[in-house]
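An overview of the molecular structure
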Amino acid sequence: MLRAGIVGLPNVGKSTLFNALVANAKAQAANFPFCTIEPNVGVVAVPDERLEVLGKLSKSEQIVPTRIEFVDIAGLVQGASQGEGLGNQFLSHIRQVDAIVHVVRCFESEDIVHVAGQVDPLQDIQVINLELGLADLAQIERRMERTRKQARTNKDAQSELAVLEKLAAALNEGLQVRQVDLTAEETELIQQLDLLTLKPIIYAANVSEDDLATGNQWVEQVRELAAEENAKVVVISAQVESELIELPEEERTDFLESLGVSEGGLHSLIKATYELLGLQTFLTTGPKETRAWTIVRGMLAPQAAGVIHTDFERGFIRAETIAYEDLVASGSMNAAKEKGLLRSEGKDYVVQEGDVMLFRFNV
């Protein structure tokens, strides 16, 4: 399951956002630092309107969306890499996630105290990135000490040392590891280090309700910085998200439209996470269930089958495949077959977003 860690300075809206995303109150949202002591974990369904449509078409007994796990990680402070606040404990929690959602405060409020005394998203980002970078640098330097000894006689160690020295130089210049141009081989050499600043990042610009549709000057600053880092930005309002979960489903669209937006923050955040990680969805449907499956973009049909069950990949014969739009337009699988829209794809087929698939395999 995909894991995204929600990080940021204290009092930027992390726990409020987390509570809204998982529609529960497990994470205490309070106006003081370190109100989240242990990382709270919530699993949410990935919104996908196609599932309901296919479920009705196939008269499915159940609908099973794919899921994403959000981890609410307590607020970091300056000096976290040296153990300040509750630093090292939370840095280890960040290492366990696939992507980082960095919540940045882009709103004024007299009621919520900013940990630094003023709203300055670029400074907030710099504090967090510096701490993550220092933690990575310390880890790389420890690894370099061990690798130098091995490099005297080992060519693999020499290659690893060259990459480590390259990354150490970049971190000392204030860059993140993800900003360093690495080959596939170099990336593989440092994969086991699970570096914090190598993880893909989404900046969640947390704005007031009034700025949700248009953004503000702080959001523009975050966007400029993200463009330099090849990161993504999602404009979100944790307060709006917390209000949304109190409304009946049928009233949520009208509420969002009244604010000038077409979708809630959960949709935007998940969409950005999928794009950032190069993920996509294929679908299966039948009388028993209609289900969404997450795969890496570019996967071949046997690999996609293996996501369902390893036996499907080992014994793969073919994949009966149709585009979601073609199936819906046809009205049924039988009608789609008659129109010649259902294709038989082999082992070299690259699965496309929204493919509806039925795998044939040998046991």
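The structure displayed is predicted, hence computed values, not measured ones.

Take the overall build of the protein chain next. A tally of regular secondary structure across the protein chain gives 14 helices and twelve strands. Relative to its 363 residues, the protein chain shows a buried fraction of 50%. Excluding contacts between residues fewer than 6 apart, the proportion of contacts in the protein chain whose partners are at least 24 apart in sequence is 68%. For the protein chain, the accessible surface area stands at approximately 17800 Å², while carbon and sulfur atoms represent 48% of it.

On to the side chain of Thr284. Tracing the backbone through its elements, the reader meets Thr284 in strand 8 (residues 279-285). Side chain to side chain, Thr284 and Trp293 meet in a polar contact 3.0 Å long.

Here the phi dihedral of Lys59 falls at roughly 55 degrees; this positive angle occurs in a residue that is not glycine. Turning to its location among the elements, Lys59 is positioned in the loop between helix 2 (49-58) and strand 3 (62-64). When its relative accessible area of 69% is taken as the criterion, Lys59 is described as exposed.

Another aspect to go through is helix 4 (residues 121-151). Taking 1.5 Å of rise per residue, the 31 residues of helix 4 would be expected to cover 45 Å, and the 43 Å separating its terminal C-alpha atoms lies within 8% of that figure. The sharpest bend along helix 4 reaches about 25 degrees and sits at Glu145.

Take the confidence of the model for the protein chain next. Should the pLDDT be low somewhere, the predicted coordinates at that spot are not to be read in detail. On average, residues of the protein chain score 86 in pLDDT, and 88% of them reach the 70 mark or higher. A low-confidence stretch, residues 24-37 (pLDDT under 50), is modelled with 36 contacts involving residues beyond four sequence positions or located in other chains.

When you line up the elements, Ile125 lands in helix 4. A relative accessible area of 1% places Ile125 in the buried class. For the pair Ile125 and Leu225, spaced 100 residues apart in the sequence, the C-alpha separation amounts to 9.3 Å. For Ile125, the contacting residues outside a window of four places in its chain are His102, Val104, Tyr203, Val222 and Leu225.

This part takes up helix 7 (residues 217-229). Here helix 7 is 13 residues long and its end C-alpha atoms lie 19 Å apart, about the 18 Å a rise of 1.5 Å per residue gives. Those residues of helix 7 that sit buried are Trp218, Val219, Val222, Ala226 and Glu229. For helix 7, the angular spread of buried residues about the axis comes to 95 degrees, placing them on one side. The exposed residues of helix 7 that point more than 90 degrees off its buried face are Glu224, Ala227 and Glu228.

Along the chain, Glu145 falls in helix 4. Between the C-alpha atoms of Glu145 and Leu161, which are 16 residues apart in sequence, the distance is 9.3 Å.

On to the pattern of salt bridges, then. Counted according to the given criterion, the structure contains 16 salt bridges. Of the charged contacts in the structure, one is a salt bridge between Glu186 and Lys166, with a shortest N-O distance of 3.3 Å. Of this pair, Glu186 sits in helix 6 (residues 184-189) while Lys166 sits in helix 5 (residues 155-172); the two residues are 20 residues apart in sequence, bridging distant segments of the chain.

With that out of the way, let us pick up the sheet that holds strand 1 (residues 2-7). Reading across the sheet, the six strands line up as 2-4-1-5-6-7 and stay open at both edges, with mixed pairing between neighbours. In this open sheet, the two edge strands, each paired with only one partner strand, are strand 2 (40-45) and strand 7 (232-236). Between one strand and the next, the sheet's axes are offset by a mean angle of 25 degrees, whatever the strand orientation. Set on the sheet, helix 1 (residues 14-22) makes contact with strand 1, strand 2, strand 4 (67-72), strand 5 (99-105) and strand 7; between it and strand 2 the angle comes to about 40 degrees.

With respect to the helices and strands, the residue Glu320 is situated in strand 10 (residues 316-323). On the accessibility criterion, Glu320 (15% relative accessible area) is buried. Among the polar contacts listed, one links the side chain of Glu320 to the side chain of Arg360, at a separation of 3.1 Å. In contact with Glu320, not counting residues within four places along its chain, are Leu342, Arg343, Val356, Met357, Leu358 and Arg360.

Packed helix pairs are specified by the crossing angle of their axes together with the interaxial distance, meaning the distance between the axes. Following both chains from N to C, one finds helix 4 and helix 7 inclined at 40 degrees, their axes separated by 9 Å at the closest point. Relative to helix 7, helix 4 is oriented oblique. Between helix 4, through Pro121, Leu122, Ile125 and Asn129, and helix 7, the contact on the second element is made entirely by Trp218, Gln221, Val222, Leu225 and Glu229. Residue classes in the contact of helix 4 with helix 7 are distributed as six nonpolar, two polar and one charged.

This brings us to the nonpolar core. In this structure, Phe70, Ile94, Cys106, Tyr203 and Ile270 are the most contacted members of the largest nonpolar core, which totals 59 residues. Grouped together as the second largest cluster of nonpolar side chains are 18 residues, Ala151, Leu161, Ala170 and Val180 included.

Glancing now at a negative patch on the surface. Taken together, Glu250, Glu251, Asp254 and Glu257 make up a surface patch of like negative charges. Inspection of the secondary structure puts Glu257 in helix 9 (residues 249-258). Using a relative accessible area of 52% as the deciding quantity, one classes Glu257 as exposed.

About the criteria used
- Residues numbered from 1 in each chain as written.
- Predicted model: local features only at pLDDT ≥ 70, side-chain atom pairs only at ≥ 80, totals over all residues.
- Heavy atoms only, no water.
- Helix = DSSP H or I, 4+ residues; strand = E, 2+ residues; numbered from the N terminus.
- Buried < 20%, exposed > 50% of the residue type's maximum accessible area, 1.4 Å probe, protein only.
- Contact = heavy atoms within 4.5 Å.
- Areas by Shrake-Rupley, 256 points an atom, 1.4 Å probe, with all protein chains shown as cover.
- Polar contact = N/O pair within 3.5 Å; in protein donor to acceptor, adjacent residues only side chain to side chain.
- Expected span 1.5 Å × (residues − 1).
- Bend = angle between axes of the 7 residues up to and from the residue.
- pLDDT = per-residue confidence, 0-100.
- Arc of directions from axis to C-beta.
- Salt bridge = Lys/Arg side-chain N within 4 Å of Asp/Glu carboxyl O.
- Pairing = 2+ DSSP bridges.
- Axes fitted to C-alpha atoms, helices over the stretch in contact; angles between N-to-C directions.
- Parallel < 35°, antiparallel > 145°, perpendicular 65-115°, else oblique.
- Nonpolar A, V, L, I, M, F, W, Y, C, P; charged D, E, K, R; others polar.
- Core = buried A, V, L, I, M, F, W, Y, C linked by side-chain atoms within 4.5 Å.
- Patch = residues over 30% accessible without salt bridge, like charges linked within 9 Å, V, L, I, M, F, W, Y side chains within 5 Å.
- Lys, Arg positive; Asp, Glu negative; His and termini not counted.
- Charge placed at Lys NZ, Arg CZ, Asp CG, Glu CD.

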